[in-house]
Amino acid sequence: ARPPVASEPASVPEVSWEAACEEGDAHDEAGEFESAIASYTRGLACVSIPPRGAAFLYSNRAVALFKQGAFAKAGADARAGLAIFSGGASLGLEQCSALQ
């Protein structure tokens, strides 16, 4: 196979939403919130993500945004997660925290 020409986008294999979530969690635990947010966002872009997975990624991204002080964005992500899957107790707790 030939390498991509400069005008062609390089093909980037899709990472699974689970792997993106684990990567984001590791960044979050290390205090690397920008990297955590990027990982969760990459997971949300996965074509094969189930609703519950999307809800957890929104929830985790809300926490990372909250830790950065981006309260409005954190609240929006928490609400998005709850709209997709309201069965996660942690989602509700994170929404309350983000909206304070």
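It should be emphasised that the depicted structure is a prediction, and the values quoted were computed from it without experimental measurement. (Residues numbered from 1 in each chain as written. Predicted model: local features only at pLDDT ≥ 70, side-chain atom pairs only at ≥ 80, totals over all residues. Heavy atoms only, no water.)

## With respect to helix α1 (residues 17–29)
So, step 1. End to end, α1 covers 18 Å across 13 residues, agreeing with the expected 18 Å (1.5 Å per residue, within 8%).
So, step 2. Looking at α1, one finds that the buried residues are Trp17, Ala20, Cys21, Gly24 and Asp28. Seen along its axis, α1 keeps its buried residues to an arc of 100°; they face one direction. What points out from α1, more than 90 degrees from its buried face, is the exposed set Glu22 and Glu29.
So, step 3. Taken together, the buried residues of α1 touch α2 (33–44) and α3 (51–68).
So, step 4. Directly after α1, the chain includes Gly31, whose backbone phi takes a positive value near 80°. (Helix = DSSP H or I, 4+ residues; strand = E, 2+ residues; numbered from the N terminus. Expected span 1.5 Å × (residues − 1). Buried < 20%, exposed > 50% of the residue type's maximum accessible area, 1.4 Å probe, protein only. Arc of directions from axis to C-beta. Contact = heavy atoms within 4.5 Å.)

## Quick notes on the nonpolar core
Across soluble globular proteins, nonpolar side chains have a tendency to be buried as a group.
So, step 1. Core analysis: the biggest nonpolar cluster contains 13 residues, and Trp17, Tyr40, Ile49, Leu57 and Ala64 have the highest contact counts within it.
So, step 2. When near neighbours in sequence (up to four residues on either side) are disregarded, Trp17 contacts Gly43, Cys46, Ser48, Ile49, Pro50, Gly53 and Leu57. (Core = buried A, V, L, I, M, F, W, Y, C linked by side-chain atoms within 4.5 Å.)

## Some remarks on the packing of α2 against α3
So, step 1. Following both chains from N to C, one finds α2 and α3 inclined at 160°, their axes separated by 9 Å at the closest point. Taken as axis vectors, α2 and α3 run roughly antiparallel relative to one another. Our pair here, α2 against α3, has a crossing hand that is left-handed. Between α2, through Phe33, Glu34, Ala36, Ile37, Tyr40, Thr41, Gly43 and Leu44, and α3, the contact on the second element is made entirely by Ala54, Leu57, Tyr58, Asn60, Arg61, Ala64, Leu65, Lys67 and Gln68.
So, step 2. Its residues assigned to classes, the contact of α2 with α3 shows 10 nonpolar, four polar and three charged. (Axes fitted to C-alpha atoms, helices over the stretch in contact; angles between N-to-C directions. Parallel < 35°, antiparallel > 145°, perpendicular 65-115°, else oblique. Left-handed = near helix turned anticlockwise from the far one by under 90°. Nonpolar A, V, L, I, M, F, W, Y, C, P; charged D, E, K, R; others polar.)

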